[in-house]
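# Notes for the structure review
What follows is each chain in one-letter form.
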Amino acid sequence: MTEPRWLGSVRARTTSVATMVVAAAMIVAGAAVLLVLRHNLIDAASLHAEMTAREVAAQITTGAEYSALRLPDPNDQPVQVVSADGRVLAADEELLGLPPFASFAPAAPVEDASADDLWEDGELEPGSVTGATFRDMKLPVAEEDTGSYDFRVAAIAVTGPDGRAVTIYSAASLATADEAVLEVRDAMLIGLLPLLALVATVTWSVTRRALRPVESIRAELVEIMGGDLSRRVPEPSSRDEIARLAATTNATLAALEESARQQRQFIADAAHELRSPIASLRTHLEISQAHPNLLDLDGLLDDTVRLGQLATDLLLLARLDAGERPRPDRVDLAVLVRETLLRRIADRQPVRADLPDAPVVVLGSRIQLGRVLDNLVDNAQRHASSTVHVTVRAGRTVELAVADDGPGVPEADRKRIFERFVRLDNARSRDHGGTGLGLAIAGDVIRRHDGSIEVSESACGGALFIARFPAADHESGVTRGPATRPGAIGQHARHAEQPGIGGCALDANARVPEHLETAGGS
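Residues numbered from 1 in each chain as written. Predicted model: local features only at pLDDT ≥ 70, side-chain atom pairs only at ≥ 80, totals over all residues. Heavy atoms only, no water.

A few words now on the nonpolar core. In terms of nonpolar packing, the biggest core is built from 48 residues, with V337, L376, V390, L400, V402, I417 and F465 touching the most fellow members. Per-element tally for this core: the top contributor is helix 8 (residues 366–383), with six residues. Not counting chain neighbours up to four residues away, the residues in contact with L376 comprise V402, L439, A442, I453 and F465. A53, V56, L69 and V79 belong to the second largest nonpolar core, which has 15 residues in total. (Core = buried A, V, L, I, M, F, W, Y, C linked by side-chain atoms within 4.5 Å. Buried < 20%, exposed > 50% of the residue type's maximum accessible area, 1.4 Å probe, protein only. Helix = DSSP H or I, 4+ residues; strand = E, 2+ residues; numbered from the N terminus. Contact = heavy atoms within 4.5 Å.)

Laid out in structure tokens, this is it:
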């Protein structure tokens, strides 16, 4: 059998905890009050018993006979005068024939005189009275009104004029103290239940009112789960934690809405991009089926390559969107640029490089950084008129710049080009198989390497892409990628020492890698 839903609510738990805390506090406070009250009442009974004993001692010091002592009612204040050998010298008739009801010794002298004045040769001086000693005891007589046998007994020693030392035991009933403590305890217990009920009611009401916005947020989220991410939860006007929770929830919903929008747009764009090569492949195959002699293998191969490239780009974007972090390898960016450019033997325009001799080390994935360089150079190749220039510079940050002498990127589009499947009008007219994902992938990879990328105008009027990465320290263990013959790097990857970043023209005395200068012809 499951417990009621309200028992597991925050209101129920808060109310229970608050009620138990108040109950515990009231019980502890009540116990402390009762202890203090009983202590004070016992002190009063002690004082009463001591005063009675001193009144009897005063009679003895004045020489009154023991049989003539004026003693109080034994039912209220029993008194016995006991000799040093334990005989009862004076008591009320009810106690006279009984043995002493106490036998503990009195305290040391507490009168104004010093101990030397009161004691001589181990005995009290005549007329001396000691301090009082107290004990809680049960006596053989009962208090008249309550029938209680519990008394507070005071004992003092006194010496009469004849030098005879006696002990006076005087008792005061504790019945009044016990009754007062019990009455106060009962009153506290009676008042505790209504007080706890009031605390529980107030806590439940206050908690319910405080959590009402949370219930509104929950109800709205249930509606939003139906699929309408444009809705928002109500934000209370208060400036408390719940208001901040509502604001954060709305910000999360806005991010989810934007993510869903981008996902829908991505799916639509991907479907559109896939449709073209698939349709082209189908057309080629249908033509080949009807007219085998017209089979265009080059066209089929181009469409297949484009389809494979698009699938690869989509897979990489999916991995980036899943939050995949790059490996923290140590990569020499200058070596990576040399090796990457040496492999690009089919570029349409020559690629000129300005690379430092010293290692330029960054932390990240060599494969992904190589993909960034390939995408930036591919983009420059599609738009360059005669040349592409790649520069690597090291400083507080490492800069990778790719420039071309093409038409450039309009300032209004310099952020938009890093969105997925975005092509500018002139790019669409001159595109040679691009998927519209290259710059988007480059931007995502750079950001995941804690870097940034910006677009401006190159020195020769084209586009200048500058990617910046945090520089790593120059320690041993630099990742230099696949094995490359040192001689090959020295022979084929000599760089131009052109000042500035992203320049398009090379110095007249600059040395340019042979195939980089002539690749693709001019």
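There's plenty left to go through after this.
Moving on, we get to a negative patch on the surface. Together, D73, D76, E93 and E94 make up a region of like negative charge exposed at the surface. With respect to the helices, strands and loops of the structure, D73 is situated in the loop between helix 1 (10–61) and strand 1 (79–83). (Patch = residues over 30% accessible without salt bridge, like charges linked within 9 Å, V, L, I, M, F, W, Y side chains within 5 Å. Areas by Shrake-Rupley, 256 points an atom, 1.4 Å probe, with all protein chains shown as cover. Salt bridge = Lys/Arg side-chain N within 4 Å of Asp/Glu carboxyl O. Lys, Arg positive; Asp, Glu negative; His and termini not counted. Charge placed at Lys NZ, Arg CZ, Asp CG, Glu CD.)

If you walk across this open sheet you meet the five strands as 9-11-12-14-13, and the pairing is mixed. The open sheet has two free edges, formed respectively by strand 9 (351–354) and strand 13 (452–457), since each of these has just one partner strand. Going from strand to strand, the sheet's axes swing by 15 degrees on average, the running direction of each strand aside. Alignment of strand 12 (residues 397–404) against strand 14 (residues 463–470), held across seven bridges, turns out to be antiparallel. Directly across from A403, in strand 14, lies its bridge partner L464. Sheet strands touched by helix 8: strand 9, strand 11 (388–394), strand 12, strand 13 and strand 14. Its angle to strand 12, the strand with the most contacts, is close to 25 degrees. The strands that helix 10 (residues 438–448) touches are strand 13 and strand 14; relative to strand 14, the one it contacts most, it runs at about 25 degrees. (Pairing = 2+ DSSP bridges. Axes fitted to C-alpha atoms, helices over the stretch in contact; angles between N-to-C directions.)

Next up on the list: the packing of aromatic side chains. The full count for this structure, using the stated rule, is three aromatic pairs. A centroid spacing of 6.2 Å and a plane angle of 80 degrees characterise the contact between F418 and F465, whose relative ring orientation is edge-to-face. Taken together, the residues span a long stretch of sequence, with F418 in the loop between strand 12 and helix 9 (425–430) and F465 in strand 14 at a distance of 47 residues. Overall, F465 belongs to the buried group, its relative accessible area being 2%. Through a chain of ring-to-ring contacts, the aromatic side chains of F101, F104 and Y169 assemble into a single cluster. Lying over the aromatic face of W204, R11 brings its terminal NZ or CZ to 5.2 Å of the ring centre. Geometry around F104 places R135 over its ring, the cationic atom sitting 5.0 Å from the centre. (Phe/Tyr/Trp six-rings, centres within 6.5 Å; stacked < 30°, edge-to-face > 60°. Lys NZ or Arg CZ within 6 Å of the ring centre and 35° of its normal.)

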